[in-house]
Amino acid sequence: MPDARQDFAFAFLSLLFEGAPFILLGTLISGLLDVYLPSGAMDRLLPKNRIGAVLVAGLLGAIFPVCECAVVPVIRRLVKKGLPVSCALTYMLAAPILNPITALSTWKAFEGQDAGLMTASRLLLGFFVAVGVGLIVSRMPLAAVLKRKLIDDLDHSHEPTCCGSSCGSDCGDHSSDTKLLSAFRSALRDFVDVGAYFAIGVTLTALFNTGIAPGAVWLDDVARHPVGAPMALMALAYILSLCSTSDAFIAATLHSFSNGAKLAFLVFGPMLDVKLTFLYQTVLRRRFIVLLALGLFVSIGGLSILWQLWFSAHP
Amino acid sequence: MSPKLSRILLSLAVLSWSVTLLYFHTSGRITRYLAPDFRLICLIGGLGLAVLGIFNLVMAGDQDGHACEDGHDHGSSDLPTTVVLLLMLVPLGLSLAWSKDAYSSGALARKGLYETPSRSQITTTAALPITREDLEKSHRKTADGSLEFDLIELFLATGDRDQQRLLDGMKVATLGRIVDERDHNAAGTRKRLYRLFMTCCAADSRAIPIILEFGKTPPPLPDNGWVRVSGTLGFPIVGGVMQPVLTVDQASAVTAPAEESFQRR
């Protein structure tokens, strides 16, 4: 038992020291966007063409970087302001992956382990899966996707006065001092929310990493299975609920797994995990969330397996 | 809980993370947890968290521009404050209390301590020169005539036939941590010498081991302590696999080096 405590503590602290600065960076940027970016700005950037709009929405994460915890309140606000749901969902799924902080942290975490390939593959796979979901959603009725209350809000064109956690700078004539205070307060809120989930993720990872967790042996056993490994890591990503800006540091430590399985972990986690399942329920119907989960699991798993087969055959 | 009290407590939680990062950096303990690339990032992160925590603590009572007519607080967390505090502080507090800045032998076994070099997943750009003259130019010679090597060079030589031929039978000296040899040690004359190889942080580190053969009962050396050993290197088949074995002439306890782990270059 003393050995287990010592091992857990060593792994936990090392992961915390590595990931916390990246979470801070993400939440500071998110806080500034929350206060200084007018929520209509994204809407104006999108083409009128449906497919073009979904494609551009998939790329917006590179310009408006938010992690998955921050993106849900943002898209909730944007949908209320009339952003097409297909574009909002595409942005919601792609932004946590296609943001520069995630790209940088993935690159740093995988240095010496095909960093360029892993970073590029993560961004591309994330983009294509998000756009695919967006295109499918663009053909679905709103009632099948959005919560009833949100549709009612849209029907009544209700614009709350300076309310909602994603409140942009369209709230009135705030002074620069109060805007700065709002930005720091928003950053604090984002940091503690993400930090709390990150602490859960790091705790579980440290337990698996040092062999303390009961599932660690099973995870090792499945690590070399071409289909089981990506499935297992997607399940792990779901449970760990890591922030996309720091999850690469966890993935890089999973030495017994192939890069294809790690890619599945890196793409699936930012799109669906335990905390997102709860957050999505503030916007989406439960039935749609279940369908989305199944679709993401099958498509990301399948593409990761194909990716691994391709790079195994063409090293 | 009032929004002001909630903000004060959450700011203090952020400050506790900040103090932890800054303490480990300034005390030098960070070298055992993070690779050099990440140490500066850790320092900047600690300072950034300090700014975030102090600003929010000082301004906890001020009204921001997002105050709503219904009076609810935009600065509050999605999770209840007490849950956030528990999640952010309990694992951190326990880890600070429990950490010895090192892994136990059980965790080391999981991290490759008893793996053979040929089966290890370690890859590095470290490579030895391939002539004896090059070796003598690039490695310091000790008083007893041994060439001083990093442990990782001896470990990796097992996977390279040219380097094996060059090093086989050579008098070498190296530094590492000594632990009991678990396998193929019925006579009790063997120990294992290892160091860690870190890519980003201690969680991803792997053990780099070689076998020490004393030919008799090994001298009393502190378990998992740092030792300098010198002797003759060979690559016999042990347990059906070729392994680097150092037949020890001298072994003595030493203090730990400034950088205990090998780093990715």
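Residues numbered from 1 in each chain as written. Chains lettered and ligands numbered in written order. Predicted model: local features only at pLDDT ≥ 70, side-chain atom pairs only at ≥ 80, totals over all residues.

A separate point is the overall build of chain A. When its secondary structure is counted, chain A shows 16 helices and 0 strands. Of the contacts made within chain A by residues no fewer than 6 positions apart, 85% connect residues no fewer than 24 positions apart. (Helix = DSSP H or I, 4+ residues; strand = E, 2+ residues; numbered from the N terminus. Contact = placed C-beta atoms within 7 Å.)

A separate point is the overall build of chain B. Summing up its helical and strand segments, chain B has 7 helices and 9 strands in all. Burial status across chain B gives 42% buried among its 265 residues. Of all intrachain contacts in chain B linking residues separated by at least 6 positions in sequence, the fraction that spans at least 24 positions is 71%. (Buried ≥ 20, exposed ≤ 12 C-beta atoms within 10 Å, placed from the backbone.)

This part covers the confidence of the model for chain A. When pLDDT is low, close inspection of the predicted coordinates is not appropriate. Of all residues in chain A, 84% have pLDDT values of 70 or greater, and the mean over the chain is 81. Residue range residues 157–173 of chain A is modelled with pLDDT below 50. Its contacts to residues more than four positions away, or to other chains, number 30 contacts. (pLDDT = per-residue confidence, 0-100.)

All names here are of chain B. You will see that Asp101, though not glycine, has its phi angle at about 60 degrees, which is positive. Even without being a glycine, His184 presents a positive backbone phi close to 50 degrees. Its location among the elements puts His184 in the loop between strand 2 (171–180) and strand 3 (190–198).

This part is about the domain arrangement of chain B. Residues and elements named next belong to chain B. Considered domain by domain, chain B is made up of domain 1 (3–98) and domain 2 (105–263). Contact residues are listed per partner, giving 7 residues for domain 1 and 8 residues for domain 2. Across the side of domain 1 that touches domain 2, the residue classes break down as 5 nonpolar, 1 polar and 1 charged. (Domains from an automatic or database assignment. Nonpolar A, V, L, I, M, F, W, Y, C, P; charged D, E, K, R; others polar.)

Taken residue by residue, the interface counts 53 residues in chain A and 58 residues in chain B. Those elements that provide at least two residues to the side of chain A that touches chain B are helix 1 (2–36), helix 6 (100–109) and helix 10 (176–209) of chain A. Considering each element in turn, the side of chain A that touches chain B owes the most residues, 19 residues, to helix 10 of chain A. Residues of the side of chain A that touches chain B, tallied by class, amount to 28 nonpolar, 15 polar and 10 charged.

With 161 residues, the main nonpolar core has A:Phe17 and B:Cys201 as its most contacted residues. Take this core: its biggest share by element is 17 residues, from helix 1 of chain A. Counting the residues that make up this core, at least three belong to each of domain 1 (3–98) and domain 2 (105–263) of chain B. (Core = buried A, V, L, I, M, F, W, Y, C linked by C-beta atoms within 7 Å.)

Turning next to helix 6 of chain A. Within the span of helix 6 of chain A, buried status applies to A:Ile101, A:Thr102, A:Ser105, A:Thr106, A:Lys108 and A:Ala109. Take helix 6 of chain A and look down its axis: the buried residues cluster within an arc of 165 degrees, on one side only. (Arc of directions from axis to C-beta.)

Attention shifts here to the environment of B:Phe262. All names here are of chain B. Position of Phe262 relative to the elements: it lies in strand 9 (residues 262–263). Note on Phe262: 22 C-beta atoms within 10 Å, which makes it buried. A sequence separation of 241 residues divides Phe262 from Leu21, and the C-alpha atoms of the two residues are 22 Å apart. Not counting chain neighbours up to four residues away, the residues in contact with Phe262 comprise Ile152, Arg195, Phe197 and Ile208.

This part takes up helix 16 (residues 286–313) of chain A. A turn of α-helix holds 3.6 residues, and therefore any two residues three or four places apart point the same way. Residue and element names in this part refer to chain A. Under the 1.5 Å per step criterion, the end-to-end length of helix 16 is 40 Å for 28 residues, consistent within 8% with the ideal 40 Å. Within the span of helix 16, buried status applies to Leu292, Leu296, Ile300, Gly301, Leu303, Ser304, Ile305, Trp307 and Gln308. Among the structural elements, helix 7 (115–137), helix 12 (228–240) and helix 14 (259–271) are those in contact with the buried residues of helix 16. (Expected span 1.5 Å × (residues − 1).)

Residues and elements named next belong to chain B. Orientation of helix 1 (residues 3–27) relative to helix 3 (residues 81–98), taken along the N-to-C sense of each, is 20 degrees, at an axis distance of 10 Å. By the angle between their directions, the pair helix 1 and helix 3 is classed as roughly parallel. Helix 1 and helix 3 meet at a crossing whose hand is left-handed. Across the interface between the two elements, Ser6, Leu9, Leu10, Ala13, Ser16 and Thr20 of helix 1 pack against Thr81, Val84, Leu85, Met88, Leu89, Leu92 and Leu96 of helix 3. Its residues assigned to classes, the contact of helix 1 with helix 3 comprises 9 nonpolar, 4 polar and no charged. (Axes fitted to C-alpha atoms, helices over the stretch in contact; angles between N-to-C directions. Parallel < 35°, antiparallel > 145°, perpendicular 65-115°, else oblique. Left-handed = near helix turned anticlockwise from the far one by under 90°.)

The subject of this paragraph is the environment of A:Arg224. Within the fold, A:Arg224 resides in the loop between helix 11 (216–222) and helix 12. Sequence separation between A:Arg224 and A:Ala313 is 89 residues; the distance between their C-alpha atoms is 16 Å.

All right, on to the pairing of strand 3 of chain B then. Residue and element names in this part refer to chain B. Counting buried positions over the 9 residues of strand 3 gives 9, a clear majority of the element. Of the two faces of strand 3, the one holding Arg190, Arg192, Tyr194, Leu196 and Met198 and the one holding Lys191, Leu193, Arg195 and Phe197 are both buried throughout. Alignment of strand 2 against strand 3, held across 4 bridges, turns out to be antiparallel. Among the inter-strand pairings, Asp180 is bridged to a residue of strand 3, identified as Lys191. Across 8 bridges, the pairing between strand 3 and strand 4 (residues 206–213) is antiparallel. Its bridge partner lying in strand 4, Lys191 is registered against Leu212. Bridge analysis of strand 3 against strand 9 gives 2 bridges, and the strand direction is parallel. Considered in strand 9, the bridge of Met198 is made with Gln263. (Pairing = 2+ DSSP bridges.)

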